[in-house]
Amino acid sequence: MGVNDGVEEAVAAAFREEWGQVVATLIRMTGDWDLAEECAQDAFAQALDRWRRDGVPRRPGAWLTTTARHRALDVLRREAAGARKLREVAVSARDEGLYEPYDSYHPYETDPGDGSGVGDDRLRLIFTCCHPALAIEARVALTLRTLAGLTTPEIARAFLVPEATMAQRLVRAKRKIRNAGIPYRVPPAHLLPERTTGVLGVLYLLFNEGYAATAGADLTRTNLSAEAIRLARVLARLMPHEPEVLGLLALLLLHDARSGTRVDAAGDLVTLEDQDRAAWDTSGADEGAALLETALRRGRPGPYQIQAAIAACHTTAATAGETDWADIAALYGELRRFVPSAVVRLNQAVAVGMSEGTDAGLALVAELEEQGELDTYHLLPATRADLLRRAGRTDEAAEAYGRALELVENAAERRFLEKRLAECRSA
């Protein structure tokens, strides 16, 4: 690998690991979301040139944050309207020690100053994004864009909406935060419950984008799923008596326990029934199961606890054949009371097909196709194809796999569908 390749890889790794922290810190300092993103982008662009010349710094995140902060100060100096904010930023930076050298800067060890006891800029950013004044879709989308660095097209695919629609949604959300003066902080304890749903939704979508990327060459983006778990742990420490918070963390850990077996050495997808269960992370699965048990004892079941129970059904089955699909189907039925979405009904169709027979599952899939809510969702025709394949109706399965291939965005999933299509045609 050449020097340039190594630097580009280091910058890419720093983006995955540090983008959210850099942007969150700048938003706290400047109060300007667009300026924060612009200066963060500029810092990463500078890193490509400077790191080639000077070498990759020992603490890339500190270098990037300081460089972005200097850029923000320069912008504010050039704007007459930024004079007052410049003084505020200078005082804040002095008080928080942000003028220390790169290698001594600790971006994760700031004093929150808001009475929350939570000194994590990224968690404060999530709660700001999840203010009840914002629509739930805007809360989740804004945090994924600002905190996780997902592009607008990636978020649009995650929400199954056009890119232009998502771009407008992000602009409106930022404008509302600015115009309404929504504070950048973790709210006081008595306001936490009203923000919980939005925050949990953010973390779940963040994890899902890492666990099964909507697009790109790789099936997984482990930095995103790891970040979701990290923030879920912080939230669980902040709200230890909220069962849905514990349920979400349990769900993420139970899924993550299987993450290392979801792709093979070539990066190709391995289905759940074909995964090496001996290679699953038993410590993560055990922690998730224990958290779920604690959450359920609270006596207030919710959608994340139910989904964690479904995940536990899979992780506790010694073999794929021992999976209790009837129990899973019943749990999806319960989940529909909380989340009556088409995607939940599609997952229930899979469980019904596995427990009651492929015809029963196909009937539910047909209902979803008639309703048209998932017309652009590749897993709808992929589910039909899999049930048809299991029923031995390979010609029909091949047609459904072809439709799924027209919709899929992820390269690893595409290769898997192409393989299944070839198998059906050869049969």
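Worth saying up front: this structure is predicted, and the values here are computed from it rather than measured. (Residues numbered from 1 in each chain as written. Predicted model: local features only at pLDDT ≥ 70, side-chain atom pairs only at ≥ 80, totals over all residues. Heavy atoms only, no water.)

J.: Where do I start with the overall build of the protein chain in this structure?
T.: For the protein chain, the helix and strand inventory stands at 19 helices and zero strands. Considering the protein chain as a whole, with its 427 residues, one finds that 50% of them fall into the buried category. Put simply, 64% of the contacts in the protein chain that link residues at least 6 apart link residues at least 24 apart. Working note: accessible area of the protein chain is about 19,400 Å², and carbon and sulfur atoms make up 50% of it. (Helix = DSSP H or I, 4+ residues; strand = E, 2+ residues; numbered from the N terminus. Buried < 20%, exposed > 50% of the residue type's maximum accessible area, 1.4 Å probe, protein only. Contact = heavy atoms within 4.5 Å. Areas by Shrake-Rupley, 256 points an atom, 1.4 Å probe, with all protein chains shown as cover.)

J.: Mind showing me how you'd approach the nonpolar core here?
T.: Across soluble globular proteins, nonpolar side chains have a tendency to be buried as a group. Counting 97 residues, the largest nonpolar core has W51, L64, L125, I126, L203, L235 and L252 as the members making the most contacts within it. Of the residues forming this core, the biggest block, 10 residues, is contributed by helix α1 (residues 3-30). Core analysis: the next-biggest nonpolar cluster, separate from the first, contains 24 residues, A349, L368, L388 and L421 among them. (Core = buried A, V, L, I, M, F, W, Y, C linked by side-chain atoms within 4.5 Å.)

J.: In this structure, what is going on with the state of the cysteines? I would like to understand it.
T.: Covalent bonding between the sulfur atoms of two cysteines defines a disulfide. Applying the stated rule across the entire model yields zero disulfides. No disulfide involves C129; its sulfur sits 6.3 Å from the nearest other cysteine sulfur, which is in C130. (Disulfide = S-S within 2.5 Å.)

J.: How should I be thinking about the pattern of salt bridges in this particular structure?
T.: Pairing between side chains becomes possible if they bear opposite charge and their charged atoms approach one another. Here the structure, examined in full by the defined rule, presents 26 salt bridges. For R415, the salt bridge is made with D268, and the minimal N-O distance between the two is 2.5 Å. In this pair, R415 is assigned in helix α19 (residues 411-426) and D268 in the loop between α11 (243-256) and α12 (282-296), connecting sequence segments 147 residues apart. Its relative accessible area of 25% is what places D268 among the partly exposed residues. Across the salt bridge formed by E334 and R337, the nearest N and O atoms sit 2.5 Å from each other. Placement of the pair is E334 and R337 together in helix α14 (residues 325-338), with a separation of three residues, close to one helical turn. (Salt bridge = Lys/Arg side-chain N within 4 Å of Asp/Glu carboxyl O.)

J.: Would you take a moment to explain the packing of helix α15 (residues 342-356) against helix α16 (residues 358-371) for this structure?
T.: Two numbers describe a pair of packed helices, the interaxial angle and the distance between the axes. Viewed as axis vectors pointing N to C, α15 and α16 meet at an angle of 160 degrees, and their least axial separation amounts to 6 Å. Between α15 and α16, the angle is such that the two are roughly antiparallel. Remark: the crossing between α15 and α16 carries left-handed chirality. Contacts between α15 and α16 pair A342, R345, L346, A349, V352, G353 and E356 from the former with T358, A360, G361, L364, V365, L368 and Q371 from the latter. Residue composition of the contact of α15 with α16, grouped by class: eight nonpolar, four polar and two charged. (Axes fitted to C-alpha atoms, helices over the stretch in contact; angles between N-to-C directions. Parallel < 35°, antiparallel > 145°, perpendicular 65-115°, else oblique. Left-handed = near helix turned anticlockwise from the far one by under 90°. Nonpolar A, V, L, I, M, F, W, Y, C, P; charged D, E, K, R; others polar.)

J.: Could you clarify how one ought to interpret the packing of aromatic side chains in this entry?
T.: In this description, a pair of aromatic rings is defined by centroid distance and the angle of the planes. Taken as a whole, this structure holds five aromatic pairs when the rule is applied. With 5.9 Å between their ring centres and 35 degrees between their planes, W19 and F44 make a pair best called tilted. Residue W19 is located in helix α1, and its partner F44 is located in helix α2 (residues 33-54); the two are separated by 25 residues in the primary sequence. Grouping residues by exposure puts W19 and F44 together as buried. A centroid spacing of 5.6 Å and a plane angle of 90 degrees characterise the contact between Y204 and Y304, whose relative ring orientation is edge-to-face. Residue Y204 is located in helix α9 (residues 192-211), and its partner Y304 is located in helix α13 (residues 303-315); the two are separated by 100 residues in the primary sequence. Residue class for Y304 comes out buried when judged on its relative accessible area of 11%. In this structure an aromatic cluster arises from ring pairing among F15, W19 and F44. Directly above the aromatic system of W280 lies the positively charged group of R258, at a separation of 5.9 Å from the ring centroid. (Phe/Tyr/Trp six-rings, centres within 6.5 Å; stacked < 30°, edge-to-face > 60°. Lys NZ or Arg CZ within 6 Å of the ring centre and 35° of its normal.)

J.: Explanation requested: α14 in the structure shown.
T.: Each α-helix winds once per 3.6 residues, and so residues spaced three or four apart point in a common direction. Over its 14 residues, α14 runs 20 Å from end to end, which matches the ideal 20 Å to within 8%, given 1.5 Å per residue. Among the residues of α14, W325, I328, A329, L331, Y332 and L335 are the ones counted as buried. End-on, the buried residues of α14 take up no more than an arc of 160 degrees, which puts them together on one face. Of the surrounding elements, those touching the buried residues of α14 are α13 and α15. (Expected span 1.5 Å × (residues − 1). Arc of directions from axis to C-beta.)

J.: Got a minute to help me understand the environment of L272 in this structure?
T.: Relative to the elements of secondary structure, L272 occurs in the loop between α11 and α12. Note: C-alpha distance between L272 and H314 (42 residues apart in sequence) is 8.7 Å. The residues contacting L272, other than those within four sequence positions of it, are R258, R277, W280 and H314.

J.: Just to check I follow, could you spell out the packing of helix α17 (residues 379-390) against helix α18 (residues 394-407) for this structure?
T.: In the contact formed by α17 and α18, the axes pass within 8 Å of each other and the chain directions differ by 160 degrees. Considered as vectors, α17 and α18 are oriented roughly antiparallel to each other. As α17 runs across α18, the sense of the crossing is left-handed. In this structure, α17 contributes P381, A382, R384, A385, D386, L388 and R389 to the contact, and α18 contributes E396, A397, A400, Y401, R403, A404 and L407. A per-class count over the contact of α17 with α18 returns nine nonpolar, no polar and five charged.

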